[in-house]
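# Structural description and commentary
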Amino acid sequence: MSIVDQIRDTKDITPDELNLILNTEDKELIESLRAAAREVANSVYGNKVFTRGLIELSSFCRNDCLYCGLRRSNGEAVRYRLSEEQIYKCCENGYRLGFRTFVMQGGEDGWFTDERLLPIIANIRKRYPDCAITLSLGERSRDSYQALYDAGANRYLLRHETADPDHYSRLHPAEMSWQHRIDCLYQLKEIGYQVGCGFMVGSPYQTVETLYKDLQFIRSLQPHMVGIGPFISTHNTPLETFPNGKVSTTLRLLAIIRLLHPHVLLPATTALGTLHPQGREQGILHGANVVMPNLSPLDHRKDYAIYDNKICTGEEAAECQACIEHRLRRIGFETVVARGDFKE
Ligand code: SAH
């Protein structure tokens, strides 16, 4: 039995197999990995790709992650925060364009207290009963996660960044705790959110061993979504001299994750599209089934600068939507107007 069949049939991978797949130059092996991952994705989701409208709420952040352009120590980052009205406008526009999931992402901006955020979520829930509300606002208290859930949020994205505590401490300042981030993910799941974890591929100090731990962590958490994209070296950050993550490694990991977790929601990320003009299409062809076009207001797009050279910062939401639809159609895939929930 080939190594790819083995991974698919057992839904498991050994450290040696991971090492082999990430380092091989055997094009046939990689093509068989890709084809198997796409076949598994097809068997669950067909040629349908779910779209989520991304609304970038705020570029203020209290954290100081060593890789991120929005870290609080970056005095050159342009800070903005959407008003309540701007957020509703984004949703309105997104709904009209066919989005049935709104992803509200932002830095950890202290302005968005529960007091301010809860009525916003409740209003969106009331106006769009047929839509999913996804939050990606970093680490908050359990009570806050619960209150946001009760107000109508359905999903939460919080990348674990790395499943290795030592690796985590080389990517984050000492005041940030790996254990706390992991605790947040389990709390979110317990509350009832559909949960997404994930990591950057090729982040500084990442090894095959830390990646293996990432895969094991995903196995134990059993998230509904897994977001991965290449690390992108970003100016004015302490890690700016490290090289970008590799597109090819990201694609291989997407395929492996699809084989290990046939039902998981797996986005072809903007970071992948940033490092390669066909990165997102390649992501879909390696088993991804989600894309997240940008719904943020044009005048703030370029200021949600988590990494350098981010794509899609100059187009209206409608253009982004049309562009991604066209790109997917060209490779034989279709976007659907649906919430796109995880299915057991
Ligand atoms: N504050 C939120 C949202 C973070 S931005 C939170 O903490 O969850 C979303 C993701 O972008 C991060 O989790 C990180 O994995 C990724 N990211 C940040 N900087 C990056 C960089 N330089 N290159 C690639 N991805 C990056």
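Our structure's up above, just so we're on the same page.
Now for a look at the structure at hand. (Residues numbered from 1 in each chain as written. Predicted model: local features only at pLDDT ≥ 70, side-chain atom pairs only at ≥ 80, totals over all residues. Heavy atoms only, no water.)

### So, the packing of helix α4 (residues 84–96) against helix α5 (residues 114–127)
Our working rule: Axis lines are fitted through C-alpha atoms, for helices just across the contact stretch, and the angle between N-to-C directions can take any value from 0 to 180 degrees. For the purposes of this entry, the term helix denotes a DSSP run of H or I that reaches at least four residues, the term strand denotes a run of E that reaches at least two, and both are numbered from the N terminus. Orientation categories follow fixed angle ranges, with anything under 35 degrees roughly parallel, anything over 145 roughly antiparallel, 65 to 115 roughly perpendicular, and all other angles oblique. The hand of a helix crossing depends on one turn: near helix anticlockwise from the far one by less than a right angle means left-handed, and clockwise means right-handed. Contacts are assigned to residue pairs with any non-hydrogen atoms lying within 4.5 Å of each other.
Axis separation between α4 and α5 bottoms out at 11 Å; the angle between their running directions is 25 degrees. On the basis of their axis angle, the class for α4 and α5 is roughly parallel. Judged by the sense of rotation from one axis to the other, the crossing of α4 with α5 is right-handed. Contact residues: Glu84, Ile87, Tyr88 and Cys91 in α4; Pro119, Ile120, Asn123, Ile124 and Arg127 in α5.

### Considering the site of the ligand
This is how it is decided: We call a residue near a molecule or strand when any one of its heavy atoms sits within 4 Å of it. Between N or O atoms, a polar contact is any pair within 3.5 Å; within protein, one atom must be a potential hydrogen donor and the other a potential acceptor, and residues adjacent in sequence are included only when both atoms are from side chains. Using the Shrake-Rupley algorithm and a 1.4 Å probe, accessible areas are obtained, with residue cover drawn only from the displayed protein chains. Side-chain classes follow a simple rule in which Ala, Val, Leu, Ile, Met, Phe, Trp, Tyr, Cys and Pro form the nonpolar group, Asp, Glu, Lys and Arg form the charged group, and the remainder, Gly included, forms the polar group.
The full set close to the ligand counts 19 residues, and Tyr67, Gly106, Arg159, Glu161 and Ile232 are the nearest of them. Ile232 is positioned with one of its backbone polar atoms (N or O) 2.8 Å from a nitrogen atom of the ligand. Surface burial for the ligand is 91%, taken as the share of its 560 Å² of free accessible area covered by protein chains. Of the residues assigned to the shell around the ligand, the class counts are ten nonpolar, six polar and three charged.

### Considering helix α14 (residues 317–330)
Condition: The span expected for a helix works out to 1.5 Å for each residue beyond the first. Each residue's exposure class comes from its accessible area (1.4 Å probe, protein chains only) as a fraction of the maximum for that residue type: buried when under 20%, exposed when over 50%, partly exposed otherwise. Here the arc refers to the directions that run from the helix axis out to each C-beta atom.
Taking 1.5 Å of rise per residue, the 14 residues of α14 would be expected to cover 20 Å, and the 20 Å separating its terminal C-alpha atoms lies within 8% of that figure. Taken as a whole, α14 has its buried residues at Ala317, Cys320, Gln321, Ile324, Arg327 and Leu328. The arc that holds every buried residue of α14, seen down its axis, measures 135 degrees, which confines them to one face. For α14, exposure combined with an orientation more than 90 degrees from the buried face picks out Arg329 and Arg330. Where α14 is buried, its residues meet β1 (48–51), α4, α12 (279–285), β8 (290–291), α13 (298–301) and β9 (334–336). Gly332 lies just past α14 and shows a positive phi near 90 degrees.

### Quick word on the pairing of strand β4 (residues 132–136)
Within a regular strand, side chains alternate between the sheet's two faces. Put simply, the rule is: One requirement defines pairing of two strands: DSSP has to find at least two bridges between them. Every crossover in which the path from the first strand over the helix to the second runs clockwise, viewed with the strands pointing away from the viewer, is termed right-handed.
With five of its five residues buried, β4 lies for the most part within the structure. Of the two faces of β4, the one carrying Ala132, Thr134 and Ser136 and the one carrying Ile133 and Leu135 are both buried. Here five bridges tie strand β3 (residues 101–106) to β4, and the two strands are oriented parallel to one another. Paired with Val103 across the bridge in β4 is Thr134. At this point the chain moves from β3, through α5, to the parallel β4, and the crossover so formed is right-handed.

### Thoughts on the packing of helix α3 (residues 27–45) against helix α10 (residues 247–260)
For the pair α3 and α10, interaxial distance at closest approach is 9 Å and the crossing angle is 45 degrees. As judged from the angle between their axes, α3 and α10 are oblique. Crossing geometry of α3 relative to α10 is assigned as left-handed. Of α10, the residues touching α3 (which contributes Ile30, Leu33, Ala36, Ala37, Val40, Ala41 and Tyr45) are Arg252, Ala255, Ile256, Arg258 and Leu259.

### Brief notes about the nonpolar core
Filter applied, for reference: Here, nonpolar core refers to any group of buried Ala, Val, Leu, Ile, Met, Phe, Trp, Tyr and Cys residues whose side-chain atoms link them within 4.5 Å.
Within the largest apolar cluster, 88 residues are counted, with the highest numbers of intra-cluster contacts made by Leu18, Ile124 and Ile256. A total of nine residues in this core trace back to one element, the largest contributor, which is α10. The contacts of Ile124, once residues within four sequence positions are left out, are Ile87, Tyr88, Cys91, Phe102, Met104 and Ile133. Counting ten residues, the second largest nonpolar core, distinct from the first, contains Phe50, Leu54, Val336 and Phe342.

### What to know about the pattern of salt bridges
Once their charged atoms are close, side chains differing in charge can pair, the charge on each being opposite to the other. Just so we agree on the cut-off: Throughout this description, the term salt bridge denotes a Lys or Arg side-chain nitrogen within 4 Å of a carboxyl oxygen of Asp or Glu.
In the structure shown here, the tally under the stated rule is 22 salt bridges. Residue Arg339 pairs with Asp341 through a salt bridge whose shortest N-O separation is 2.8 Å. Salt bridges sharing common partners tie together Asp64, Arg71, Arg72 and Glu175.

### Let's talk about the environment of Val208
Following the sequence through the fold, Val208 ends up in helix α9 (residues 208–221). Considered as a pair, Val208 and Leu22 are 186 residues apart in the sequence and their alpha carbons are 8.1 Å apart.

### Describing the sheet that holds strand β2 (residues 53–58)
Spatially, β2-β3-β4-β5-β6-β7 is the arrangement adopted by the six strands of the open sheet, whose pairing is parallel. For this open sheet the edge positions go to β2 and β7 (225–230), each flanked by a neighbour on one side alone. Looking at each pair of strands side by side, their axes are set apart by 20 degrees on average, direction ignored. Inspection of the sheet shows strand β6 (residues 194–201) paired to β7 by six bridges, in the parallel sense. From the neighbouring strand, Gly196 faces β7, where its bridge partner is Met225. Against the sheet, α10 engages β6 and β7, with an angle of about 165 degrees to β7.

Scope: geometric values only; no functional claims are made or implied.
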